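# Residue-level structure breakdown
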Amino acid sequence: MEGITPEQLEAIQQQCIFCQIASGKVAAKKVYEDDQIIAILDINPANPGHILLITKKHYFVMPQMPDDETGHVGIIAKQLSHVLLKALKIEGTNIFVANGVTAGQRAQHFMLHIIPRMDKDKVGLEIPQREISKEDFEKIYSAMKKGVDKILGKTNGPKKETEEIIEEAEEPTAGNEETEEQENKEEIEEEHTEEKKTKSKTVKTKKAKKEKTSSKKSKEKPAKKSPSSLDDIARLLGV
Amino acid sequence: MTCEICDQIKNKKGILYQDENIAAMLAQKPGAVGHIYVVPKKHIPILEKIPDKVIAQMFAKANKISMACFETLGVQGTNLIIQNGMPAGQHHSHCILHIIPRKENDGLNLLWTPKQLTEEEMSTAEIKIKENTGQVGIIEKEKEKPVEIKKTEEIKEDKAEEDLRIKELERLP
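Thresholds applied
- Residues numbered from 1 in each chain as written.
- Chains lettered and ligands numbered in written order.
- Predicted model: local features only at pLDDT ≥ 70, side-chain atom pairs only at ≥ 80, totals over all residues.
- Helix = DSSP H or I, 4+ residues; strand = E, 2+ residues; numbered from the N terminus.
- Buried ≥ 20, exposed ≤ 12 C-beta atoms within 10 Å, placed from the backbone.
- Contact = placed C-beta atoms within 7 Å.
- Pairing = 2+ DSSP bridges.
- Nonpolar A, V, L, I, M, F, W, Y, C, P; charged D, E, K, R; others polar.
- Expected span 1.5 Å × (residues − 1).
- pLDDT = per-residue confidence, 0-100.
- Axes fitted to C-alpha atoms, helices over the stretch in contact; angles between N-to-C directions.
- Parallel < 35°, antiparallel > 145°, perpendicular 65-115°, else oblique.
- Left-handed = near helix turned anticlockwise from the far one by under 90°.
- Core = buried A, V, L, I, M, F, W, Y, C linked by C-beta atoms within 7 Å.
- Domains from an automatic or database assignment.

The number of helices and strands found in chain A is eight helices and five strands. Along the chain direction, N to C, the helices and strands of chain A fall in the order α-α-β-β-β-α-β-β-α-α-α-α-α. Here chain A holds 239 residues, and 37% of them are scored as buried. Residue pairs in contact within chain A that sit at least 24 positions apart in sequence constitute 63% of those at least 6 positions apart.

This part takes up the pairing of strand β1 (residues 30-33) of chain A. Residue and element names in this part refer to chain A. Pairing analysis gives three bridges linking β1 to strand β2 (residues 37-41), with the strands arranged antiparallel. Paired with Glu33 across the strands is Ile38, a residue of β2. The antiparallel pairing of β1 with β2 creates a hairpin that spans three residues between the two strands.

With that settled, the discussion passes to the interface of chain A and chain B. At the junction of the two partners, chain A supplies 80 residues and chain B supplies 75 residues. It is helix α3 (residues 67-88) of chain A that contributes the most residues to the side of chain A that touches chain B, 18 residues altogether. Grouping the amino acids of the side of chain A that touches chain B by side-chain chemistry returns 42 nonpolar, 22 polar and 16 charged. In terms of strand pairing, strand β4 (residues 92-99) of chain A meets strand β4 (residues 77-84) of chain B through seven bridges, oriented antiparallel. Counted as the bridge partner of Asn94(A) is Gln83(B) from β4(B).

For the rest of this paragraph, the subject is helix α4 (residues 134-152) of chain A. End to end, α4(A) covers 25 Å across 19 residues, agreeing with the expected 27 Å (1.5 Å per residue, within 8%). All of the buried residues along α4(A) are Ile140(A), Tyr141(A), Met144(A), Lys145(A), Gly147(A), Val148(A), Asp149(A), Ile151(A) and Leu152(A).

With 86% of its residues at a pLDDT of 70 or more, chain B has an overall mean of 89. Confidence metrics for the complex model read pTM 0.75 and ipTM 0.85.

It is worth spelling out the packing of α3(A) against helix α2 (residues 52-73) of chain B at this point. Across the interface, α3(A) lies against α2(B) with an axial gap of 7 Å and an inter-helix angle of 125 degrees. Put simply, α3(A) runs oblique to α2(B). The hand of the α3(A)/α2(B) crossing is right-handed. Across from Asp67(A), Thr70(A), Gly71(A), His72(A), Val73(A), Gly74(A), Ile75(A) and Lys78(A) in α3(A), the residues of α2(B) making contact are Asp52(B), Ile55(B), Ala56(B), Gln57(B), Met58(B), Phe59(B), Ala60(B) and Asn63(B). Here the contact of α3(A) with α2(B) is built from residues that sort into seven nonpolar, six polar and three charged.

Once that is clear, we can look at the nonpolar core. Grouped together as the largest cluster of nonpolar side chains are 89 residues, with contacts concentrated most on Leu53(A), Leu16(B), Ile36(B), Val38(B) and Ile65(B). Top contributing element to this core by residue count: α2(B), with twelve residues. Here this core gathers at least three residues from each of two domains, domain 1 (6-117) and domain 2 (137-196) of chain A. Ignoring sequence-local partners within four residues, the contact set of Ile36(B) consists of Leu16(B), Ala24(B), Met25(B), Leu26(B), Ala27(B), Ile65(B) and Ile99(B).

All names here are of chain A. Unusually for a residue other than glycine, Lys120 sits at a positive phi of about 55 degrees. Take Lys120: it is sitting in the loop between β5 (111-117) and α4. For Lys122, which is not glycine, the phi torsion reads 60 degrees and is therefore positive. Residue class for Lys122 comes out exposed when judged on the 9 C-beta atoms lying within 10 Å of it.

The strand order across the open sheet formed by ten strands is β1(A)-β2(A)-β3(A)-β5(A)-β4(A)-β4(B)-β5(B)-β3(B)-β2(B)-β1(B), and the pairing between neighbours is antiparallel. Where the open sheet ends on each side, the last strands, each with one partner, are β1 of chain A together with β1 (15-18) of chain B. The average angle at which neighbouring strand axes cross in this sheet is 20 degrees, direction not considered. Of the pairings in the sheet, the one linking β4(A) to β5(A) comprises five bridges and is antiparallel in character. By the bridge assignment, Ile95(A) is partnered in β5(A) with Ile114(A). Contacting β1 and β2 (22-26) of chain B, α4(A) runs over the sheet at an angle of about 25 degrees to β1(B).

This paragraph deals with the confidence of the model for chain A. Residue and element names in this part refer to chain A. Per-residue confidence for chain A averages 77 on the pLDDT scale, and 63% of its residues sit at or above 70. In the model of chain A, helix α5 (residues 159-173) stands out as the element of lowest mean pLDDT, 42, in contrast to β5, which has the highest, 98. When the criterion is pLDDT under 50, residues 154-181 qualifies, and its contacts beyond four places in sequence or with other chains add up to 24 contacts. Low pLDDT, under 50, characterises residues 196-228; the stretch is placed with 16 contacts to residues that sit more than four places away or in other chains.

Below, the structure written as structure tokens:
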């Protein structure tokens, strides 16, 4: 995304069928719309009532989206799932997102599927449950824990709990890394207090101002946080 | 009633992230290498019972953790899936947002065969859904009384159908 100029983005949006649907230039069976997202019926449904939730802004994949937008998508997906259960007398729903061609993503525009389900409807979407050895579990855990801490470190929850988890993760490795992680912790704490300060400031300002800052934030966030791999993901989608 | 997910949170096994509302953990029976569960910390069996604030957190964190999968595991894709109800494949009595890292030829088939519907069938679905979308987009706010009163009434109406699904799920091992 970062390497794309506004002109290029505009060209992409003009070619993207889902951007055209979101802006109303192409007709679709729209079931919900707000300022951020639009919900339409999938023309190739897994079951009748299959809904696609599409962002109005053009994102290739979900990792490009800021937290407030992914959160909003989650809330609306939950509410629409409830609507399907009430409206279609179905027995369940699947919420499905694919990031990347390998995961089954076909369009170059982020979307979330809400699929109505009935018993024995042969839609599939079964996730296998495989046995895994203790060693493999621990190996994957320590790698993933580092990866998750790296990305979520800045926005981690209550300090006490994060400390507990870090202690746990240290058990298998221990040694030199302890000091490193302690430094990281301090950094996190510092950032925490900064965040709190800025938050209390925004609370004091008027509502109108809040809206402005939040929209600014959403524009700034992806630029700050998106790692270089996002371009790789975009490339995988054939961009 | 024991819940494997609640137990895993309690025993702190494979916990990758947690805050006061949500937790992310490595699946003990994974569908793929690095399969992760993002869950509400409270025992909530079905998606619709998760408060707006919590589901928003689950999605935002799941997205970040999915990014960590790309970087850490070197995968080419991720799927985010919620199986809501037994016909949708739900195995646990605790609602889970699955993050499934994907690699080429990993043997997973998480795609469906599209159905061909007539224009009439599509329109019927559209009308039925639209009749019920009045409440969509109204985000629950904490400590906002008038909204709460309306919501409790609504929940009462839905209880009958939802209880059935919860009962079904409680039968799960």
